[in-house]
Amino acid sequence: EVWITIESTAQNLLWNQITQRDNIINLRGIDEQMSVQIAEIEDGRRGDAILTYNILTNCTAEAGLSLKESYGAFELVEFTTRENGVVVANAALANILITYDVELQQGTSTKAQITSATSTGGLSSNLVTENYTPPTQPIGTRSKHIFGTQSFLIDLIDGGNDLNYEFELQLFANSFSNMDLPCNATTTFQFTAN
């Protein structure tokens with residue numbers, strides 16, 4: 001854990017906070033160059049500087065920016081370019097967040113009481129199953145319940161083989177007005193990173 005300060009040559013403060021190892025720092029507003037200072041943390045504040053350096057940030061051969069290359073203590077994992085007026089992301093990593101949640105289908109007015117919920121998801125070769133405690137309140141027309149999330153950082157360059165991901169949320173529920181009327185649901189989602 002260190003304090004990182006990043007400032008552009010136009011003196012735009014791009015980052016100035018405590019930073020953990022492997023954090024992704026999303027920088028916008030960089031001009032031709034940025035200065036980086038990495039410092040110790042003393043009593044929750046920036047302390048003595050450990051390392052200071054400059055990085056050219058323009059997309060020219062002179063800058064020498066390449067995805068997955070290290071620049072001091074940083075690794076470049078994404079940059080954007082503007083091609084014919086369109087912004088194009090050039091990424092080495094995909095940061096994926098899957099949210100397992102439930103809400104009533106549009107046009108449904110009957111509340112549902114969830115009795116159990118289970119998610120199974122992740123890399124197809126290593127699926128993780130999670131059983132959730134059902135919400136105590138029924139799900140109504142304007143309510144939504146989030147059971148949990150899964151996040152993945154996928155390497156799009158060094159991945160090698162295609163990586164298949166699959167996710168499923170299975171719910172068992174009953175109509176709140178008639179507990180003998182089931183309203184179970186299963187939702188699946190799959191994608192391949194290559």
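Everything that follows concerns the structure shown earlier in this document.
Bear in mind that the values here come from a model prediction, so they are computed numbers and not experimental data.

### A closer look at the overall build of the chain
Then, number 1: From N to C terminus, the chain includes 0 helices and 14 strands.
Then, number 2: Here the C-alpha atoms of the chain give a radius of gyration of 23 Å, more than 25% beyond the 16 Å that 2.2 N^0.38 yields for 194 residues.
Then, number 3: Here the C-alpha coordinates of the chain stretch approximately 70 × 45 × 35 Å along the principal axes.
Then, number 4: Per-residue burial over the chain gives 29% buried out of 194 residues.
Then, number 5: Long-range contacts, defined here as pairs at least 24 residues apart, represent 50% of the contacts in the chain between residues at least 6 apart.
Then, number 6: Surface accessibility of the chain: about 12800 Å² in total, with carbon and sulfur atoms responsible for 44%.
Then, number 7: Across the chain, the mean location of the 9 positive side-chain charges is 10 Å away from that of the 23 negative side-chain charges.

### Quick look at the nonpolar core
Then, number 1: With 19 residues, the main nonpolar core has Tyr-100, Ile-114, Phe-147 and Leu-171 as its most contacted residues.
Then, number 2: Looking at this core, the element that brings in the most residues is strand S13 (residues 163–175), giving 5 residues.
Then, number 3: Beyond its immediate chain neighbours, meaning those up to four positions away, Phe-147 contacts Tyr-100, Asp-101, Val-102, Ile-114, Ala-117, Tyr-132, Thr-133, Pro-135, Leu-169 and Leu-171.
Then, number 4: The next biggest cluster of nonpolar side chains, apart from the first, holds 14 residues, and it includes Leu-14, Trp-15, Leu-27 and Tyr-71.

### With respect to the sheet that holds strand S3 (residues 33–42)
Then, number 1: Within the open sheet, the 4 strands sit side by side as S2-S1-S3-S4. Their pairing is antiparallel. The open sheet has two edge strands, strand S2 (13–19) and strand S4 (45–56), and neither has a second partner. Direction aside, neighbouring strands of the sheet carry axes that sit 15° apart on average.
Then, number 2: Pairing geometry for strand S1 (residues 2–8) and S2, over 6 bridges, is antiparallel. Paired with Ile-6 across the strands is Trp-15, a residue of S2.

### A word on the packing of aromatic side chains
Any two aromatic rings considered together are summarised by their centre-to-centre distance and by the angle between their planes.
Then, number 1: Taken as a whole and assessed by the stated rule, the structure comprises 8 aromatic pairs.
Then, number 2: A centroid spacing of 6.0 Å and a plane angle of 45° characterise the contact between Phe-189 and Phe-191, whose relative ring orientation is tilted.
Then, number 3: The structure contains a cluster of three or more aromatic residues connected by ring pairs, namely Phe-152, Tyr-165, Phe-167, Phe-189 and Phe-191.

### Focus: the pattern of salt bridges
Then, number 1: Following the criterion strictly, the structure yields 1 salt bridge and no others.
Then, number 2: Taking the shortest distance from any N to any O, the salt bridge between Asp-101 and Lys-144 comes out at 3.5 Å. Taken together, the residues Asp-101 in strand S9 (residues 93–103) and Lys-144 in strand S12 (residues 144–155) connect sequence positions 43 residues apart.

### Looking at the sheet that holds S13
Then, number 1: Read from one edge of the open sheet, 4 strands run S11-S10-S13-S14, paired in antiparallel fashion. Pairing within the sheet leaves two strands with one partner each, and these edge strands are strand S11 (128–132) and strand S14 (185–193). Averaged over all adjacent pairs, the angle separating strand axes in this sheet is 10°, with direction ignored.
Then, number 2: Here strand S10 (residues 112–123) pairs with S13 via 11 bridges, running antiparallel. Directly across from Ala-112, in S13, lies its bridge partner Ser-175.

So, how was this worked out
- Residues numbered from 1 in each chain as written.
- Predicted model: local features only at pLDDT ≥ 70, side-chain atom pairs only at ≥ 80, totals over all residues.
- Heavy atoms only, no water.
- Helix = DSSP H or I, 4+ residues; strand = E, 2+ residues; numbered from the N terminus.
- Rg over C-alpha atoms; globule rule 2.2 N^0.38 Å.
- Buried < 20%, exposed > 50% of the residue type's maximum accessible area, 1.4 Å probe, protein only.
- Contact = heavy atoms within 4.5 Å.
- Areas by Shrake-Rupley, 256 points an atom, 1.4 Å probe, with all protein chains shown as cover.
- Lys, Arg positive; Asp, Glu negative; His and termini not counted.
- Charge placed at Lys NZ, Arg CZ, Asp CG, Glu CD.
- Core = buried A, V, L, I, M, F, W, Y, C linked by side-chain atoms within 4.5 Å.
- Pairing = 2+ DSSP bridges.
- Axes fitted to C-alpha atoms, helices over the stretch in contact; angles between N-to-C directions.
- Phe/Tyr/Trp six-rings, centres within 6.5 Å; stacked < 30°, edge-to-face > 60°.
- Salt bridge = Lys/Arg side-chain N within 4 Å of Asp/Glu carboxyl O.

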